[in-house]
Amino acid sequence: MELRHLRYFVAVAEAGSLTVAAERKLHTSQPSLSRQIRDLEDEVGAQLLTRGARGIELTPAGRAFLDHARAALSQVEAAAEAARRVAHPAKPCFALGFLTGHELTWMPEALKILHNELPNIDVMISSQYSPLLANALLQGKVDAAFLRRERGVPELAFRLLVKEPLMVVLPRDHRLAALKAISPRDLVGETFITVSDTAPVLRTVIENYLKRSGVNITPRHEADHLSMGMSLIASTGGVGLLPAYARNFIPSSVTSRPLKGDTPTVDLVLGYRKSNQSPILKLLLSRLDELVARASNKA
């Protein structure tokens, strides 16, 4: 009795049809499959299948044989998997998340540090809004993430990476583009583009800065992400406040200018779950100063 006999028998029993099993599951011809089943029955010494009104049906002997055939195939697969694990041990996996747009600066440097120290690890990368990254950290789907300092998540720890200054983003042909630096009062009366609730920390920083500056500006549009913000600014002739990393994504029709006076900043942090005992995470945390220095030199 060979393993293929068991596989063929189980496939026919589950499909209830020689034709379906042959064509869809086993990719062989029906006559060949029929011969294999007959060989199996000869080996067992009992009829296992019979043709009925509703197709192929199991005989009482076939029903008794089916469970054992499935168990035997399962044991064989388990044995093969055990051998594969020994021959090819699974690499440790580390899931790293990035606030969309920050991969350009931080991902290459983080990967260099991890792979230089631990060449035999797999690093899984994801890119998302900051609140979603915080949720992924809480659920254990991500081990560490470059994100904003989200509130209401006491299970998470945050390590400061950099304070990103805000800048004014506006069309290249906008009248304010002639200025070397722009004050909050210059923005009054302009079509103002702000960020949506997909970036609650950044939105709060912008609102607090405008309030602190004593200007009353009602946003005309909200952008869910950088590309949407750039598109709205270019198409409406409006202005917006964005972190400095947005310079990496400014199209030719848009430019940026610094803010006058006390420039507001928004923190970019490395977040992780406090209970995460991953040695890979510990390595990354131990090399944060080096990571920040590399990213700063790159910027």
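Residues numbered from 1 in each chain as written. Predicted model: local features only at pLDDT ≥ 70, side-chain atom pairs only at ≥ 80, totals over all residues. Heavy atoms only, no water.

1. Structural notes on the pattern of salt bridges
The tally for this structure, following the rule as stated, stands at 13 salt bridges. Residues Arg203 and Glu222 are paired through a salt bridge, measuring 3.1 Å at the closest nitrogen-oxygen approach. Taken together, the residues Arg203 in helix α7 (residues 200-212) and Glu222 in strand β8 (residues 221-223) connect sequence positions 19 residues apart. Overall, Arg203 belongs to the buried group, its relative accessible area being 17%. Connected through shared salt-bridge partners, Glu117, Arg287, Glu290 and Arg294 make up one network. (Salt bridge = Lys/Arg side-chain N within 4 Å of Asp/Glu carboxyl O. Helix = DSSP H or I, 4+ residues; strand = E, 2+ residues; numbered from the N terminus. Buried < 20%, exposed > 50% of the residue type's maximum accessible area, 1.4 Å probe, protein only.)

2. Considerations on the environment of His5
When you line up the elements, His5 lands in helix α1 (residues 3-15). Taking the relative accessible area as the measure of exposure, His5 reaches 9% and is therefore buried. For the pair His5 and Gln75, spaced 70 residues apart in sequence, the C-alpha separation works out to 15 Å. A distance of 3.2 Å separates a polar atom in the side chain of His5 from a polar atom in the side chain of Gln36. (Polar contact = N/O pair within 3.5 Å; in protein donor to acceptor, adjacent residues only side chain to side chain.)

3. Some thoughts on helix α9 (residues 279-286)
Restricting attention to buried positions, one finds in α9 the residues Ile280, Leu281, Leu283, Leu284 and Leu285. Sitting at the head of α9, Ser278 places a side-chain oxygen 3.2 Å from the backbone nitrogen of Ile280.

4. A look at the packing of α1 against helix α2 (residues 18-26)
Put simply, α1 and α2 touch, their axes get as near as 8 Å, and they point 115° apart. Like other packed secondary-structure pairs, α1 and α2 cross with a definite hand, here right-handed. Seen from α1, the contacting residues are Tyr8, Ala11, Val12, Glu14 and Ala15; seen from α2, they are Leu18, Val20, Ala21, Lys25 and Leu26. Residue composition of the contact of α1 with α2, by class: eight nonpolar, no polar and two charged. (Axes fitted to C-alpha atoms, helices over the stretch in contact; angles between N-to-C directions. Left-handed = near helix turned anticlockwise from the far one by under 90°. Contact = heavy atoms within 4.5 Å. Nonpolar A, V, L, I, M, F, W, Y, C, P; charged D, E, K, R; others polar.)

5. Digging into α2
Of the positions making up α2, those classed as buried are Leu18, Ala21 and Ala22. When α2 is viewed along its axis, its buried side chains cluster within an angular range of 95° and face the same direction. Exposed and oriented more than 90 degrees from the buried face of α2 are Glu23 and Arg24. In the segment just after α2, His27 is the residue with positive phi, at about 55°. (Arc of directions from axis to C-beta.)

6. Describing the packing of α1 against helix α3 (residues 30-44)
Each packed pair of helices is defined by two parameters, the angle between the axes and the distance between the axes. Running from amino to carboxyl end, α1 crosses α3 at an angle of 110°, the nearest separation of the two axes being 9 Å. One finds that α1 runs roughly perpendicular with respect to α3. Taken as a pair, α1 and α3 cross one another with a handedness that is left-handed. Between α1 and α3, the residues in contact are Arg4, His5, Tyr8, Phe9 and Val12 and Leu33, Gln36, Ile37, Asp39 and Leu40, respectively. (Parallel < 35°, antiparallel > 145°, perpendicular 65-115°, else oblique.)

7. Focus: the packing of aromatic side chains
Evaluated as defined, the whole model comprises four aromatic pairs. Their ring planes at 40° and their centres at 5.7 Å tell us that Trp106 and Phe146 sit as a pair that is tilted. Taken as a pair, Trp106 in helix α5 (residues 103-117) and Phe146 in strand β5 (residues 144-147) lie far apart in primary sequence, 40 residues in all. Per residue, the accessibility class of Trp106 equals that of Phe146, and both read buried. Here the aromatic residues Phe98, Trp106 and Phe146 are joined through ring pairs into a cluster of three or more. (Phe/Tyr/Trp six-rings, centres within 6.5 Å; stacked < 30°, edge-to-face > 60°.)

8. Overview of the nonpolar core
Grouped together as the largest cluster of nonpolar side chains are 33 residues, with contacts concentrated most on Leu166, Val168, Leu187, Phe192, Ile206, Leu210 and Leu241. Listing elements by their share of this core, those giving two or more residues are β6 (156-171), β7 (192-195), α7, α8 (226-236) and β9 (239-243). Here the element with the most residues in this core is α7; it accounts for six residues. Residues in contact with Leu241, not counting those within four places in the same chain, are Leu166, Met167, Val168, Leu187, Phe192, Ile193, Ile206, Tyr209, Leu210 and Leu259. (Core = buried A, V, L, I, M, F, W, Y, C linked by side-chain atoms within 4.5 Å.)

The analysis is restricted to geometry; functional conclusions fall outside its scope.
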